[in-house]
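Each chain, written out:
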Amino acid sequence: MKQPLNEQSSYDMAAKQNASNIASTLPGGRRKRSVGYYSKFWKNGTTLTISFMDDVRKDMQRGAERIIREWEPHVGLRFEFVEPGQGEIRIAMRGKDSYSTIGTDALLRQPDEPTLVVGIDHPNMVFRQTILHEFGHALGLHHAHLHPQANIPWNREIVYEHYTNDIGWSRENIDHNLFDLETNADIFLGDYDKNSVMHYCIPNFLTYGDWFVGINPEISAQDKINISNIYPAL
Ligand SMILES: [Zn+2]
């Protein structure tokens, strides 16, 4: 998940695209928990344009499109795949890290930059899960393991060691993606969901006791409820 370069422009863009991002209630009528919070959801009912960068192989494009469209029946948005580089969401497949901007933050990226990157050299990459997960971010979803009620019994020392040495993340990146819980807003619209496609795979050796989460390869039942509360069917 990619942080906005500038929090103020992130807020301005979210407000401009969809007034309910800064309203005190969500489209479903639920109250957001805190006043200062804003979401970054696209305006429901609109068509989201998606493209691949020039160098993404055609068969990879077809595979990714099929997977991305699995979100479509659960949202009141339409997905339109357009010519290379022309989409609001621009997908690259390169390097070893996978990440995406959150919702309307995609519009803050330079037009020649990707907004969603799928790392294809990563030894642990699972193509389908990665695409579903990163596209969830593109729709404005945050990490399920950062739910305020997640309560994961992390063995932090081992986590720092593993993510630093084996994955090459900075300490700041580790804190941001694994430990900094989302405490200030009701952005998950539901209970903590261990089966969410927005949850990281957490091997047992990273936690105390018998606690782990496998690779969640599907949009979970709770994910479907959450995303359709955000983008109700038209
Ligand atoms: Zn993520």
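Our subject is the structure that appears above.
Parameters at a glance
Residues numbered from 1 in each chain as written. Predicted model: local features only at pLDDT ≥ 70, side-chain atom pairs only at ≥ 80, totals over all residues. Heavy atoms only, no water. Donors = N, O, S within 2.8 Å, 3.2 Å for Na, K, Ca; no water. Helix = DSSP H or I, 4+ residues; strand = E, 2+ residues; numbered from the N terminus. Buried < 20%, exposed > 50% of the residue type's maximum accessible area, 1.4 Å probe, protein only. Pairing = 2+ DSSP bridges. Right-handed = clockwise from strand over helix to strand, strands pointing away. Phe/Tyr/Trp six-rings, centres within 6.5 Å; stacked < 30°, edge-to-face > 60°. Lys NZ or Arg CZ within 6 Å of the ring centre and 35° of its normal.

Student: Looking at this model, I keep getting lost on the coordination of the zinc ion. Mind explaining?
Tutor: For a metal with four donors in a tetrahedral arrangement, the ideal angle between donors is 109.5 degrees, while six donors in an octahedron ideally sit at 90 or 180 degrees. Within the first shell, the zinc ion binds the protein through His133 (NE2), His137 (NE2) and His143 (NE2), at distances of 1.9 to 2.1 Å. Written as a sequence motif, the donor arrangement for the zinc ion is H-x3-H-x5-H. Placement of the pair is His133 in helix H3 (residues 127–138) and His143 in the loop between H3 and helix H4 (156–167), with a sequence separation of ten residues. Side by side, His133 and His143 carry an identical accessibility label, which is buried.

Student: Would you mind going over the pairing of strand S1 (residues 47–52) with me for this structure?
Tutor: On a regular strand, each side chain points to the face opposite its neighbour's, so the side chains alternate between the two faces of the sheet. Counted residue by residue, S1 has five buried out of six residues, so it is predominantly covered. Summarising the sheet, S1 and strand S2 (residues 78–81) pair through four bridges and their orientation is parallel. Along S2, the bridge assignment pairs Thr49 with Glu80. Between the parallel pair S1 and S2, the chain is carried across by helix H2 (residues 58–68), and the sense of this crossover is right-handed. Both S1 and strand S3 (residues 89–93) contribute to a ladder of three bridges, which runs parallel.

Student: Teacher, can you tell me more about the packing of aromatic side chains here?
Tutor: Any two aromatic rings considered together are summarised by their centre-to-centre distance and by the angle between their planes. Using the criterion set out here, one finds eight aromatic pairs in the structure. Ring centres of Trp154 and Phe179 lie 5.5 Å apart, and the angle between their planes is 80 degrees; on these two criteria the pair is classed as edge-to-face. Placement of Trp154 in the loop between H3 and H4 and of Phe179 in helix H5 (residues 171–179) is noted, with a sequence separation of 25 residues between them. Like Phe179, Trp154 is buried. Summarising the aromatic geometry, the rings of Trp169 and Tyr200 are spaced 6.4 Å apart at their centres and angled 55 degrees between planes, so their arrangement reads as tilted. Residue Trp169 is located in the loop between H4 and H5, and its partner Tyr200 is located in the loop between H5 and helix H6 (221–230); the two are separated by 31 residues in the primary sequence. Classification of Trp169 by relative accessible area gives buried; the value is 14%. With relative accessibility at 14%, the residue Tyr200 sits in the buried group. Three or more aromatic residues joined by ring pairs form one cluster here, namely Trp154, Tyr160 and Phe179. The residue whose ring lies beneath Arg171 is Tyr160, and the NZ or CZ to ring-centre distance is 3.7 Å. Here Lys194 stacks its cationic end above the ring of Trp211, 4.5 Å away from the centre of that ring.

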